[in-house]
Amino acid sequence: MYQNMHKNHRNSFTQLNYPQPKTELFGKIMNRIHREQRFVSLRRRFVIFSVSLFGSIIAFIPAFQMMQKDFFGSGFSEFFSLIFSDSLVIIKYWQSFMLTLLEALPAVSIILFLVVICAFFGSLKFLVKNFRIILKFKTSSS
């Protein structure tokens, strides 16, 4: 009896016509998964660049103060002011004067300041460029 019921059920299930999904359904599902993965990646990068922007804003003032202190501490400003006060002497000994200016230039402070500025503008560029994409994704998925 059990075997007869089992055969009947098996036969009845094999004869059912299951609804077939549309052919483009798989493509739509895969596109949606891909969009969600891109959005998660973009959101993660958005957070990283936001932190980078905030960090570069915080680092700007100490880097600027360090560069300013090093400019005045190295005597660069005094050597540079000679251009306006003793220009005839500077013209006569311009090679020595240029070497003196280069030696007095606080290169490390300038490089640090420029790195902070580049980090600020790079982060700002990324955030502005991709902010519209995130907003567009949010409105389209709602």
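No experiment lies behind these values; they were computed from the predicted model shown.

Reading guide: rules and limits
Residues numbered from 1 in each chain as written. Predicted model: local features only at pLDDT ≥ 70, side-chain atom pairs only at ≥ 80, totals over all residues. Heavy atoms only, no water. Salt bridge = Lys/Arg side-chain N within 4 Å of Asp/Glu carboxyl O. Helix = DSSP H or I, 4+ residues; strand = E, 2+ residues; numbered from the N terminus. Buried < 20%, exposed > 50% of the residue type's maximum accessible area, 1.4 Å probe, protein only. Phe/Tyr/Trp six-rings, centres within 6.5 Å; stacked < 30°, edge-to-face > 60°. 1 Å grid on protein atoms, 1.4 Å probe; cavity = no way out; pocket = protein on both sides within 12 Å on 5 of 7 lines; lining within 4 Å. Points joined across faces, edges and corners; volume = space filled by probe spheres on them. Nonpolar A, V, L, I, M, F, W, Y, C, P; charged D, E, K, R; others polar.

For side chains of opposite charge, pairing can occur when their charged atoms come near one another. Across all of its chains, the model carries one salt bridge by this definition. Salt-bridge contacts for Arg32 lead to Glu36; the nearest nitrogen and oxygen are separated by 3.2 Å. A residue pair is termed a helical-turn pair when its members lie 3 or 4 positions apart in one helix, as Arg32 and Glu36 do in helix α2 (residues 25-74) at four residues. The exposure class of Arg32 is partly exposed, given its relative accessible area of 35%. Accessibility expressed as a relative area gives 31% for Glu36, which makes it partly exposed.

Time to look at the environment of Cys118. Mapped onto the secondary structure, Cys118 falls in helix α6 (residues 107-141). Residues Cys118 and Ser56, 62 residues apart in the sequence, show an inter-C-alpha distance of 8.9 Å.

Enumeration over the complete set of coordinates arrives at nine aromatic pairs. Arranged with centres 6.0 Å apart and planes meeting at 15 degrees, the rings of Phe76 and Phe80 form a pair that is stacked. One end of the pair, Phe76, and the other, Phe80, are both in helix α3 (residues 76-85), four residues apart, so they sit about a helical turn from each other. Given a relative accessible area of 15%, Phe76 falls into the buried group. For Phe80, a relative accessible area of 37% puts it in the partly exposed group. Within the aromatic cluster, the residues linked to one another by ring pairs are Phe71, Phe76, Phe80 and Phe84.

Take the layout of surface pockets next. Gaps left between atoms are located by rolling a probe of water-molecule size over the structure's atoms. Taken as a whole, the largest pocket holds about 200 Å³ of empty space. Taken together, 10 residues line the largest pocket, and the ones lying closest to its centre are Arg38, Phe39, Leu42, Ile133 and Phe137. Those elements that place two or more of their residues in the lining of the largest pocket are α2 and α6. The class makeup of the residues in the lining of the largest pocket is four nonpolar, two polar and four charged.

Everything listed here is a matter of geometry and, on its own, says nothing about what the molecule does.
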